[in-house]
Amino acid sequence: MRKIQVLMCCSDVDSVRGGMVTVVKNYLICRAWKNVELSFIPTHREGNKLTKSLFFAMAYLRVGVRLIEKKVDLVHLHMAERGSFYRKAYLVRLCRRLEIPVVLHHHAAEFEEFYASLNDRQKRYVKEILEAADMNLVLSDFLKKKLLGKAPRAEVEILHNAVSTDKQYCYRGDKPRIVMLGRIGERKGSYDLLTAVAQIRDRLPLDTELWLCGDGETQKARRLAAELHIEDMIAHVGWISGGELEVCLRDAAVHVLPSYREGLPMSILETMGMGIPNISTRIASIPEVIRDGETGFLLEPGDIDGLKTAILGLLSDKELRQKISRRSYDLITEEFSLEASVAKLERLYIGILGNYRRLKG
């Protein structure tokens, strides 16, 4: 049987960082696809407005040629907010004109803020695009309700972000290493973490390490650590990947992500998939993965006191760490594996194509 030809589009996976790119990379390298053959065209890369516009214009032409030549059965667009939405909107309209089924995969952490900033005409345009897609994929039931509130006639399915997990449970967590994976700045709660650690410094083990692993406001984070007199606890600030990241996480005791706005962070899934206990916030889709007191701990954004209590509780209680760790690993392995995600996507693609052909026939 001929494989379904699916074209994926998102930011350049070789130069752009972030959760959405990680999701797409995972799909592109995954070997679990049985009935689907993926191809990829990047539609965005970092740069000034002119650079971004020219890059997208070339990508639009490349996508158009592929569709006109009938080399694609279905287009799968990965989308965030603002410019990412408008780029994908152009492609949705192109697919509709050329009668190619199109899937919109939503990853935005700040789509609600973006949508709230629009005028009525712009909101109608958003509704039109969401309802024009053959399928909208969202990360949680929470986000499904949000999307249907904007576009009641949109087709929507939940597809959790997914990760590859360690084949064997191997969490140790004996070293008092606190790790945060994510872009450094206010949105991710980086400065709340630094403040909390400074306030409990005297109650933490003497060899406690803090790793802030991400790009963003790295210099600001270093300055704040110095002002709070915890610069000697900082083992790393900045982007990290590959072997360095593996070394960092191998001995991590806890992963902390006290975010203010999110979708479903890949960093939480990846660390839970390694058995690392998580502390995060009760926002967006996070509570559908971190079940407070069972597979991690949840706080309200900005709750410094709660953050201090959770960090101290996990670092001081090895039995609690092991219990949370094992539950986290089992949950991700059973419900958020990349293989399960790929199998669901294949079923969705087949269903969309079958429906599309029936309507055309």
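1. As for the sheet that holds strand S7 (residues 177-181)
Turning to step 1, where the next piece is worked out: Ordered by their spatial adjacency, six strands build an open sheet running S9-S8-S7-S10-S11-S12, and the pairing between neighbours is parallel. Bordering the open sheet on either side are strand S9 (234-238) and strand S12 (297-299), each of which pairs with just one other strand. For this sheet the average axis-to-axis angle between neighbouring strands, irrespective of direction, equals 20°.
Turning to step 2, where the next piece is worked out: Looking at chain direction, S7 and strand S8 (residues 209-213) are connected through five bridges and run parallel. Looking across to S8, one finds that Arg177 is bridged to Glu209.
Turning to step 3, where the next piece is worked out: In the packing of helix H7 (residues 190-199) onto the sheet, contacts are made with S7, S8, S9 and strand S10 (254-257), and the angle to S8 comes to roughly 175°.
Turning to step 4, where the next piece is worked out: Where helix H8 (residues 218-227) meets the sheet, it contacts S8 and S9, and its direction lies at approximately 155° from that of S9.

2. Notes on the pattern of salt bridges
Turning to step 1, where the next piece is worked out: One pass over the full model with this rule turns up 27 salt bridges.
Turning to step 2, where the next piece is worked out: For Arg82, the salt bridge is made with Glu81, and the minimal N-O distance between the two is 4.0 Å.
Turning to step 3, where the next piece is worked out: Relative accessible area serves as the criterion here: at 41%, Arg82 is assigned to the partly exposed category.
Turning to step 4, where the next piece is worked out: We note a salt bridge from Arg201 to Asp232, for which the minimum N-O separation is 2.6 Å. Of this pair, Arg201 sits in the loop between H7 and S8 while Asp232 sits in the loop between H8 and S9, and the two are 31 residues apart along the sequence.
Turning to step 5, where the next piece is worked out: Classification of Arg201 as partly exposed rests on a relative accessible area of 28%.
Turning to step 6, where the next piece is worked out: Where salt bridges share partners, they join Glu81, Arg82, Glu110, Glu113, Arg187, Lys188, Arg261 and Glu262 into one cluster.

What counts, and at which threshold
- Residues numbered from 1 in each chain as written.
- Predicted model: local features only at pLDDT ≥ 70, side-chain atom pairs only at ≥ 80, totals over all residues.
- Heavy atoms only, no water.
- Pairing = 2+ DSSP bridges.
- Helix = DSSP H or I, 4+ residues; strand = E, 2+ residues; numbered from the N terminus.
- Axes fitted to C-alpha atoms, helices over the stretch in contact; angles between N-to-C directions.
- Contact = heavy atoms within 4.5 Å.
- Salt bridge = Lys/Arg side-chain N within 4 Å of Asp/Glu carboxyl O.
- Buried < 20%, exposed > 50% of the residue type's maximum accessible area, 1.4 Å probe, protein only.

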